[in-house]
Amino acid sequence: MALSAVGVHICIGSVYAWSVYVKPIQAQMNWNLTDVTIAFSIAIFFLGLSAALMGKFVEKNGPRVSAIIAASLFGLGTMGSGLAIMMESKLLLYFFYGVLGGCGLGIGYISPVSTLVKWFPDKRGMATGLAIMGFGFASAVWGPTIKILIEAVGIAGTFFILGASYFVIMFASALYLEKPQEGYLPKRFEEKVKAGKKKIKEDLAFIGLNEAIKTPRFYGLWIMLFINVTCGIAIIGVASPLLQEVLGMTAIAAAAAVGLMGIFNGAGRLMWASLSDYLTRPIVYVIFFATQAVAFYMLPSITEILVFQIVLYFIMTCYGGGFASIPAYIGDIFGTKELGAIHGYILTAWAAAGLVGPLIISMVKDATGSYSQTLYVFAAFFVVALVVSIAMIFNIKSIQKKKVKHKHH
């Protein structure tokens with residue numbers, strides 16, 4: 001089940017390798033950077049939109065149907081991009097890669113995740129961490145592949161081959177996905193519960209999307225994900241010029257460091273999400289924001305290359321970990337009734353952050369003339385996120401108290 005989820009996620013995660021296409025497309029089409037980048041922005045925007053709009057559909061029709069739709073949309077979107085290149089049409093590229101591919105991304109992202117939470121009631125964090133890790137690592141797999149293919153068969157050919165490959169891998173993975181029956185518990189876990197060694201953790205509530213969006217906790221989660229992603233995307237976007245500006249690294253060394261960031265982004269997803277099963281989700285988010293506020297504040301003044309990189313890679317693990325721990329957190333506070341739908345709504349924070357993050361950076365950079373000043377702005381953001389994450393703990397505690405009172409009455 002976990003492998004099927006990884007199969008879906010490793011394909012759609014190839015969106016993060018988009019930058020590998022940028023220069024070849026520019027050279028072949030004579031388009032400027034903005035022209036080519038718009039395709040990626042549209043894809044991330046539609047990822048958020050389709051995840052929000054299709055969440056209820058995923059819950060109603062199950063992960064298999066949803067993942068097959070995702071495979072079709074993403075495969076078609078990628079192959080269609082090849083057609084757009086052959087016809088030299090920007091609009092077709094935006095439609096195929098951005099709109100169709102983006103919808104495949106959003107549906108494919110939430111389909112397996114909500115299912116995994118149900119299959120691993122005792123290890124929610126680890127399970128979602130595994131799938132979402134596939135998304136993080138994908139660029140390490142597809143980046144070099146795209147480069148090799150473009151040299152061998154051209155850009156259009158690359159889109160055709162990869163589109164077909166994504167479809168096959170995602171379709172095969174989709175066929176295996178299904179929801180467990182109601183009240184499912186893994187065998188070993190069930191034995192331990194019966195023997196009284198382990199307790200089934202009770203979720204804070206068991207509510208659907210419509211009730212969830214009326215609670216302050218929903219908006220708390222949204223703001224936390226929004227800030228974590230805004231600052232993370234920003235760092236990913238400027239890492240290369242930042243390393244060159246602050247540390248005087250060469251372009252090649254900076255590119256290698258950026259590649260390593262992808263690996264820490266992926267590893268952080270599994271590590272933090274698994275840790276959250278032990279430390280609890282609310283505590284892990286407090287750690288994310290407290291440490292990153294300090295890290296962002298310190299970065300501009302670090303001159304030691306090694307220390308700078310360690311802090312940078314640590315930030316990347318928190319960026320990935322923030323994504324991976326959200327579905328489990330949603331399960332903890334809203335239950336698994338409509339987890340996919342709620343997750344979809346909260347992912348709109350990612351789409352919003354994708355637009356806001358790069359914007360803030362370019363504005364502050366234009367105003368101050370340096371990338372390092374932007375980091376102070378983000379450090380302040382993390383302080384806000386920290387306050388929200390602590391407020392979440394108090395809110396959850398007060399609800400737990402009310403529940404205990406109800407029981408005694």
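A quick note: this is a predicted structure, and the numbers were derived from the prediction, not measured.

Re the overall build of the chain
Tallying secondary structure elements over the chain gives 14 helices and zero strands in all. Helices (α) and strands (β) of the chain occur, in sequence order from the N terminus, as α-α-α-α-α-α-α-α-α-α-α-α-α-α. Relative to the compact-globule value of 22 Å for 409 residues, the chain shows a C-alpha radius of gyration of 21 Å, a close match. Considering only C-alpha atoms, the chain reaches an extent of 70 × 50 × 35 Å along its principal axes. Looking at the chain as a whole, 54% of its 409 residues are labelled buried. Of all intrachain contacts in the chain linking residues separated by at least 6 positions in sequence, the fraction that spans at least 24 positions is 83%. Positive and negative charge centroids in the chain, built from 30 and 18 side chains respectively, lie 9 Å apart.

Digging into the side chain of Ser276
With respect to the helices and strands, Ser276 occurs in helix α9 (residues 251–279). Under the relative-accessibility criterion, Ser276 is labelled buried at 1%. Among all residues touching Ser276, those that are not within four sequence positions of it are Gly125, Arg281, Val284 and Ser325.

Some thoughts on the packing of aromatic side chains
Any pair of aromatic rings gets described here by the distance separating the centres and the angle formed by the planes. A full pass over the atoms with the stated rule returns 28 aromatic pairs. Here Tyr285 and Tyr329 contribute two aromatic rings whose centre-to-centre distance is 5.6 Å and whose plane-to-plane angle is 40°, an arrangement assigned as tilted. On the criterion of sequence distance, the pair formed by Tyr285 in helix α10 (residues 281–298) and Tyr329 in helix α11 (residues 305–334) is long-range, its members being 44 residues apart. As far as burial versus exposure is concerned, Tyr285 and Tyr329 are alike and both buried. Clustering of aromatic rings is evident, with ring pairs tying together Trp272, Tyr285, Phe288, Phe289, Phe296, Phe314, Tyr329, Phe378, Phe381 and Phe382.

Describing a nonpolar patch on the surface
A contiguous nonpolar patch, built from Met271, Leu275, Tyr278, Leu279 and Ile283 and spanning about 480 Å² of accessible area, is present on the exposed surface. Ranked by residues supplied to the nonpolar patch, first place goes to α9 with four residues. Turning to its location among the elements, Tyr278 is positioned in helix α9. Overall, Tyr278 belongs to the exposed group, its relative accessible area being 68%.

Thoughts on the nonpolar core
Burial of nonpolar side chains together is a common tendency in soluble globular proteins. The biggest cluster of nonpolar side chains holds 120 residues, and the ones touching the most others in it are Trp18, Ile25, Leu221 and Trp350. Filtering out sequence-adjacent residues up to four positions away, Trp350 remains in contact with Tyr16, Ile44, Leu47, Tyr109, Phe135, Val229, Ile233 and Phe323. Within the second largest apolar cluster, five residues are counted, among which are Ala2, Ala5, Ala127 and Ala131.

Structural notes on α9
Here α9 contains 29 residues, and its C-alpha end-to-end distance of 39 Å stays within 8% of the 42 Å for a straight helix at 1.5 Å per residue. The sharpest bend along α9 comes to roughly 30°, located at Gly268. With its phi angle positive at about 75°, Thr280 sits one or two positions after the end of α9.

Some words on the pattern of salt bridges
As enumerated under the stated definition, the model contains seven salt bridges in all. Close ionic contact of Lys118 with Glu59 constitutes a salt bridge, the shortest N to O distance being 3.2 Å. Of the two residues, Lys118 is situated in helix α4 (residues 90–119) and Glu59 in helix α3 (residues 33–86); the sequence distance between them amounts to 59 residues. The exposure classification of Lys118 matches that of Glu59, with both residues buried.

Regarding the packing of helix α5 (residues 124–176) against α11
One way to put it is that α5 packs onto α11 with a least axis distance of 8 Å and a crossing angle of 140°. Along this stretch, α5 crosses α11, giving a crossing that reads as right-handed. Contacts between α5 and α11 involve Arg124, Gly125, Thr128, Gly129 and Ile132 from the first element and Phe323, Ala324, Pro327, Ala328, Gly331 and Asp332 from the second. Tallied by class, residues from the contact of α5 with α11 come to five nonpolar, four polar and two charged.

Observations regarding a positive patch on the surface
Judged by side-chain charge, Lys397, Lys401, Lys402 and Lys405 come together as a positively charged surface patch. The exposure class of Lys405 is exposed, given its relative accessible area of 58%.

Digging into the environment of Val377
With respect to the helices and strands, the residue Val377 is situated in helix α14 (residues 372–408). Looking at Val377, the relative accessible area reads 29%, which means it is partly exposed. Separated by 308 residues in the primary sequence, Val377 and Ile69 have C-alpha atoms spaced 40 Å apart. Contact partners of Val377, with chain neighbours within four places excluded, come to Ile360 and Val364.

The rules behind each value
Residues numbered from 1 in each chain as written. Predicted model: local features only at pLDDT ≥ 70, side-chain atom pairs only at ≥ 80, totals over all residues. Heavy atoms only, no water. Helix = DSSP H or I, 4+ residues; strand = E, 2+ residues; numbered from the N terminus. Rg over C-alpha atoms; globule rule 2.2 N^0.38 Å. Buried < 20%, exposed > 50% of the residue type's maximum accessible area, 1.4 Å probe, protein only. Contact = heavy atoms within 4.5 Å. Lys, Arg positive; Asp, Glu negative; His and termini not counted. Charge placed at Lys NZ, Arg CZ, Asp CG, Glu CD. Phe/Tyr/Trp six-rings, centres within 6.5 Å; stacked < 30°, edge-to-face > 60°. Patch = residues over 30% accessible without salt bridge, like charges linked within 9 Å, V, L, I, M, F, W, Y side chains within 5 Å. Areas by Shrake-Rupley, 256 points an atom, 1.4 Å probe, with all protein chains shown as cover. Salt bridge = Lys/Arg side-chain N within 4 Å of Asp/Glu carboxyl O. Core = buried A, V, L, I, M, F, W, Y, C linked by side-chain atoms within 4.5 Å. Expected span 1.5 Å × (residues − 1). Bend = angle between axes of the 7 residues up to and from the residue. Axes fitted to C-alpha atoms, helices over the stretch in contact; angles between N-to-C directions. Left-handed = near helix turned anticlockwise from the far one by under 90°. Nonpolar A, V, L, I, M, F, W, Y, C, P; charged D, E, K, R; others polar.

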